[in-house]
Amino acid sequence: MRLVFAGSPAAAVPSLEALVASRHDVAAVVTRADSPRGRKRVLTPTEVADAAGRLGVPVIRTDRLDEDTTREIEELRPDLGVIVAYGGLVREPLLSTPRLGWINLHFSLLPRWRGAAPVQRAIMAGDDLTGATVFHLVPELDAGDIYGSLTAPIGAHETAGHLLDSLAVDGAHLLTRVVDLLASGDARPEEQRGDVTLAPKLTLDDARIDWARPAREVFDRIRGVTPEPGAFTELVDARLGTVKLGVAEAALARDAAALEPGRFALVGRAVLVGTATYPLELVRVHPAGKRVMAAADWWRGRGSDIPEVAS
């Protein structure tokens, strides 16, 4: 079949690569426009745009799937549209432009975690199981009939970044199989069944650590917002005032003595922080204006000051 692929971040690249390597023809890639990144705000293409250039596939860069974009895609006369984390909604008349419509690879077991951050929300909620789903795109958010799915356990220490990398690869194989089934006429869609939960885009407040919560809940939140937007807490420092401290990696410390929520302590070589239950150990941290470092190195560099978590 003749395909149009829409995607933007690194998680969409394995799917694009798998489709280009298949017997189908990827006529064009639709991706978000180049955006400023890094401290120097250098204008940078999306990971999918980079991959498309490497694979020799024409690229349509746009932040809006408007009339002009619809016209460009219509001129390609695609049989099927495929979308993986593009970062925008497909609406009519673009939704009906490909002969078979659009399919979407979504990184959850629908209808659980419909929305922009399914992997992150699954980890933050303490889920043990997730997966990926390929479904028919409809106007309602992530609500179309399912063509195929796979399940995957969520490791007890797995971050959102690691889990998404894994699902992106396995999901690419699932997506290619579904495209083959649609091409042969053997695809059998099924209605979504089960309770709907929503996975809205993460905000900075989602990344702020509330040490007054139970340790497992705090730990799951840290994992869910790693690497983006990155967990953080704020310290009241006698010398510097309020200082932001990013938490890059943490571990549960069930055997440690209880600490007041938000209280830091050095126990042996471990930097611990109190929660509503038992402490967490800070493994790696990101002090404001510095590189990521071992928590023990950060602690030693603070001299004798004892930080308090800001309310």
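Use the structure listed above.
Remember, predicted model here, so these are calculated numbers, not experimental data. (Residues numbered from 1 in each chain as written. Predicted model: local features only at pLDDT ≥ 70, side-chain atom pairs only at ≥ 80, totals over all residues. Heavy atoms only, no water.)

An account of the overall build of the protein chain is requested, with residue identities and associated values reported.
Secondary structure summary: the protein chain contains eight helices and 16 strands in total. For the protein chain, the spread of C-alpha atoms along the three principal axes comes to 70 × 45 × 30 Å. Among the 311 residues that make up the protein chain, the fraction classed as buried is 49%. If you take every contact in the protein chain between residues at least 6 apart in sequence, the share linking residues at least 24 apart comes to 63%. Within the structure as shown, the protein chain displays about 15400 Å² of accessible surface, and the carbon and sulfur contribution to it stands at 50%. Of the side-chain charges in the protein chain, 36 are positive and 42 negative, and the distance between the mean point of each set is 5 Å. (Helix = DSSP H or I, 4+ residues; strand = E, 2+ residues; numbered from the N terminus. Buried < 20%, exposed > 50% of the residue type's maximum accessible area, 1.4 Å probe, protein only. Contact = heavy atoms within 4.5 Å. Areas by Shrake-Rupley, 256 points an atom, 1.4 Å probe, with all protein chains shown as cover. Lys, Arg positive; Asp, Glu negative; His and termini not counted. Charge placed at Lys NZ, Arg CZ, Asp CG, Glu CD.)

Describe the sheet that holds strand E6 (residues 80–84), naming the residues involved and giving the relevant values.
If you trace the seven strands from one edge of the open sheet to the other, you get E5-E2-E1-E6-E7-E8-E9, paired in mixed fashion. The open sheet has two edge strands, strand E5 (59–61) and strand E9 (146–153), and neither has a second partner. On average, adjacent strands in this sheet sit at an angle of 15° to one another, irrespective of strand direction. Direction of pairing for E6 relative to strand E7 (residues 102–106): parallel, over a ladder of three bridges. Each residue of the ladder has a partner; that of Val-82, found in E7, is Ile-103. (Pairing = 2+ DSSP bridges. Axes fitted to C-alpha atoms, helices over the stretch in contact; angles between N-to-C directions.)

Could you give me a rundown of the side chain of His-106, with the residues and numbers involved?
By secondary structure assignment, the location of His-106 is in strand E7. The class of His-106 is buried, set by a relative accessible area of 6%. Here the side chain of His-106 touches Trp-113 through a polar contact of 2.8 Å, landing on its backbone oxygen. Contact partners of His-106, with chain neighbours within four places excluded, come to Trp-113, Arg-114, Gly-115, Pro-118, Gly-131, Ala-132, Thr-133, Phe-135 and Asp-142. (Polar contact = N/O pair within 3.5 Å; in protein donor to acceptor, adjacent residues only side chain to side chain.)

Break down the layout of surface pockets for me, with residues and values.
Estimated volume of the second largest pocket: approximately 330 Å³. Lining the second largest pocket are 18 residues, and of these Pro-229, Ala-231, Lys-244, Gly-246 and His-286 lie nearest its centre. Broken down by secondary-structure element, the contributors of at least two residues to the lining of the second largest pocket are strand E10 (231–237), strand E11 (241–252) and strand E14 (280–287). (1 Å grid on protein atoms, 1.4 Å probe; cavity = no way out; pocket = protein on both sides within 12 Å on 5 of 7 lines; lining within 4 Å. Points joined across faces, edges and corners; volume = space filled by probe spheres on them.)

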